[in-house]
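Listed below are the residues making up each chain.
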Amino acid sequence: MLETAFTPWQSLGGGILIGLSAVLLMLVLGRVMGATGILTGIFAPASLQDASWRVAILLGMVTGPSVYWLVTGGMPQITVPASTPMLILGGLIVGAGVSYGSGCTSGHGVCGLARLSPRSIAATLTFMATTAATVYVVRHVIGG
């Protein structure tokens, strides 16, 4: 049986940092902090300035674990209870959902809800319902 670790303080800290970064990006550049939109915009940026902020955010996402390691002296143990083919399949399913949903959880769930966007409210409700159903099926029906 999978056990989910409850980490309220780390979760609160992470949520504050995500919210702060989304607010700062909107305040400074007037852009929504949707991870998939940032990533896809790298392939056809509107200008050099457009590419530079996208690259800076992506570099921060990639180098963040290194900063954590430098500060704490180690990395947290991460256990992934799925095979590589299942992870690839899951990534493809998420990618398809992002395309059909016109955005990801960070764009819709963090920024869209804060703007009271009806499309983001519908998308976030769909994400959450699908997540709950998937967890139920994997843990209680399949027995993962």
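What counts as what
Residues numbered from 1 in each chain as written. Predicted model: local features only at pLDDT ≥ 70, side-chain atom pairs only at ≥ 80, totals over all residues. Heavy atoms only, no water. Helix = DSSP H or I, 4+ residues; strand = E, 2+ residues; numbered from the N terminus. Buried < 20%, exposed > 50% of the residue type's maximum accessible area, 1.4 Å probe, protein only. Core = buried A, V, L, I, M, F, W, Y, C linked by side-chain atoms within 4.5 Å. Contact = heavy atoms within 4.5 Å. Disulfide = S-S within 2.5 Å.

As for its position among the elements, Ala 114 is in helix α5 (residues 105-114). The exposure class of Ala 114 is exposed, given its relative accessible area of 64%. Between the alpha carbons of Ala 114 and Ala 96 there is a distance of 24 Å; along the sequence they are 18 residues apart.

Right, let's get into the nonpolar core. Grouped together as the largest cluster of nonpolar side chains are 7 residues: Ala 22, Leu 25, Met 33, Ile 38, Trp 53, Ile 57 and Cys 111. Ignoring any residue separated from it by four or fewer positions in sequence, one finds Ile 38 in contact with Met 33, Trp 53, Arg 54, Ile 57 and Leu 58.

What follows concerns the state of the cysteines. Under the criterion given, the structure shown has 0 disulfides. Sulfur of Cys 104: no disulfide; nearest cysteine sulfur belongs to Cys 111 and is 8.8 Å away. The exposure class of Cys 111 is buried, given its relative accessible area of 7%.

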